[in-house]
Every structure is written in C-alpha cells, then in structure tokens.
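Observations on the model geometry
Residue strings, one per chain:
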Amino acid sequence: MRPGRSAGAARLSALAGRPVSWLRQVHGETVVVVDGAGAVEGGEGDALVTSSPDAVLAVLVADCAPIALASSEGVVAAVHAGWSGLVAGVVDRAVDAMRDLGASGIEAALGPCIHPGCYEFAAADLDRAAAALGPSVRGETTAGAPALDLPAGVRAALARAGAELVWEAGTCTACAAGTHYSHRARRDPERQAMLVWKHA
Ligand SMILES: [Zn+2]
C-alpha cells in the first residue's frame, strides 16, 4: 500500500477483518502501545505493541526491516527498523514495552528488507552504525563497496535486547523486482505491509 494513506489503511483493515493500527513512521525509537479500545491511526512512531487480541498492528516498509515480535504471554509487536531506527534503539524500546506488558521469552521474525549486496553506505554513517550495533553491520555490495548489513544489524539489536530470532525471510527487497517494493532500487512509491496480531 502507499505510505501513510488512510485509504490504504482502510484496505488493510478490510483484509484483516478488523481495524488495523498504523503509524506515521519517522525512523525513530518511539513505541506506541495499542490497547483493546480501538485502533491507532497515523500517530508518530516506529513500533506498535499490544497485549489485546482485538488489535492488529501494521508497519510499512520498502527496504527497511519489518520485525514481528511475540511472547508466550500473548504480547506482540510490529517494528519498522531502518538503520537509523536501529541505532536509535527502536528494537530495545519495543522489547522494553513488551516486558512492561508482561512478556518474558520474546521471539522475533524478520521480513524482507534490503541486503548488503544492494546497500552501499557512506563511511561516516557506517562507522556510526557499527559503533551502536557492532562490527557485524559492516558489509559489502556485490561490486565490493562498503555496505550496511541491515539484517545483521537487526540480529545484533535483537540479541542485545534478549529476543530470539526464530525466522528470517532472507529476501532482498532491492533484488526482488516484481515481488517486492524497493525505495532505493526502484523508487517504488508503494510499501510492503507487515501485519501482526495475537492469535486467539
Ligand atoms: Zn539485493
């Protein structure tokens, strides 16, 4: 769907069969908790957390990483994580918010995002990311230029937050023309949507 559009959100809600909560994503660390009273629509933030079986959480991506988090206590989260959000600590903040709602063991799934082969990166930004997330974020493009390894950054952030990555799509959005949208590779205006909800 196109980003930040109510019409797109209405289509998602129709698909999900109930209101879908979504945010105006700003590559920060703000987490919004959704209670059972109704959907959150268009507030500012990059992660949604809920313990309500009535809530459906959505993040929109086209190269950034969509991360689903769940705990056996029934607390779930949807996180939009680009490199600056990872550096700002959006994964840590989402896990903290889940623990505040009673989550203990937290598992994670990482959807399609841009991979290092397609993600050439400026040296100064790469240094900043490595300082925050560790050396595993230093990657190479297919042409041999310095690159950010976004999946490695997500793995590092999850490990630091104490969440276990149990599934990874392994798809590069920039490579996957025809099946995935990419802002960087094709300037696609559309976005993938990841929906997360608590299974009744
Ligand atoms: Zn690629």
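Everything numeric in this text was worked out from a predicted model, so none of it was measured.

**Describing the sheet that holds strand E5 (residues 56-61)**
Spatially, four strands are ordered E3-E1-E5-E12 in an open sheet, and the strand pairing comes out mixed. Among the strands making up the open sheet, the edge pair consists of strand E3 (41-44) and strand E12 (192-197). Sheet twist, expressed as the mean angle between neighbouring strand axes with direction ignored, is 35°. Here E5 pairs with E12 via six bridges, running antiparallel. In the sheet register, Ala-58 faces E12, and the bridge partner there is Leu-195.

**Remarks on the coordination of the zinc ion**
Those donors, Cys-118 (SG), Cys-172 (SG) and Cys-175 (SG), are the protein atoms that reach the zinc ion, and they lie 2.1 to 2.2 Å from it. All donors of the zinc ion come from a single chain, and their spacing in sequence reads C-x53-C-x2-C. Here Cys-172 lies in the loop between strand E11 (163-168) and helix H6 (183-186) and Cys-118 lies in the loop between strand E8 (106-110) and helix H4 (123-133), a separation of 54 residues in the sequence. Residue classification places Cys-118 among the partly exposed positions, given a relative accessible area of 27%. On the basis of relative accessibility, which here comes to 9%, the residue Cys-172 falls in the buried class.

**Here we look at the packing of helix H3 (residues 90-100) against helix H5 (residues 150-161)**
Relative orientation and spacing of two packed helices are given, respectively, by the angle between their axes and the distance between those axes. Contact geometry for H3 and H5: axes closest at 9 Å, N-to-C directions at 35°. With respect to the hand of their crossing, H3 and H5 are arranged in right-handed fashion. Here H3 contributes Val-91, Asp-92, Val-95 and Arg-99 to the contact with H5, which in turn contributes Ala-157, Leu-158, Arg-160 and Ala-161. Of the residues in the contact of H3 with H5, the class split is five nonpolar, no polar and three charged.

**Topic: unusual backbone geometry**
Phi at Asp-63 is positive, roughly 115°, even though this residue is not glycine. Residue position: Asp-63 is located in the loop between E5 and strand E6 (65-71). Notably, Arg-187 is not glycine yet its phi reads approximately 55°, a positive angle. Inspection of the secondary structure puts Arg-187 in the loop between H6 and E12.

**Some words on H3**
Considered for burial, the residues of H3 that qualify are Val-90, Val-91, Asp-92, Ala-94, Val-95, Ala-97 and Met-98. Following H3 by one or two positions, Gly-102 adopts a phi angle in the positive range, close to 105°.

**Remarks on the pattern of salt bridges**
Within this structure, the stated rule accounts for seven salt bridges. Residue Arg-160 is joined to Asp-92 by a salt bridge in which the shortest nitrogen-to-oxygen separation is 3.1 Å. A residue pair is termed long-range when its members are at least 10 positions apart, and Arg-160 in helix H5 and Asp-92 in helix H3 qualify at 68 residues. With a relative accessible area of 47%, Arg-160 lands in the partly exposed category.

Definitions and limits used
- Residues numbered from 1 in each chain as written.
- Predicted model: local features only at pLDDT ≥ 70, side-chain atom pairs only at ≥ 80, totals over all residues.
- Heavy atoms only, no water.
- Pairing = 2+ DSSP bridges.
- Helix = DSSP H or I, 4+ residues; strand = E, 2+ residues; numbered from the N terminus.
- Axes fitted to C-alpha atoms, helices over the stretch in contact; angles between N-to-C directions.
- Donors = N, O, S within 2.8 Å, 3.2 Å for Na, K, Ca; no water.
- Buried < 20%, exposed > 50% of the residue type's maximum accessible area, 1.4 Å probe, protein only.
- Left-handed = near helix turned anticlockwise from the far one by under 90°.
- Contact = heavy atoms within 4.5 Å.
- Nonpolar A, V, L, I, M, F, W, Y, C, P; charged D, E, K, R; others polar.
- Salt bridge = Lys/Arg side-chain N within 4 Å of Asp/Glu carboxyl O.

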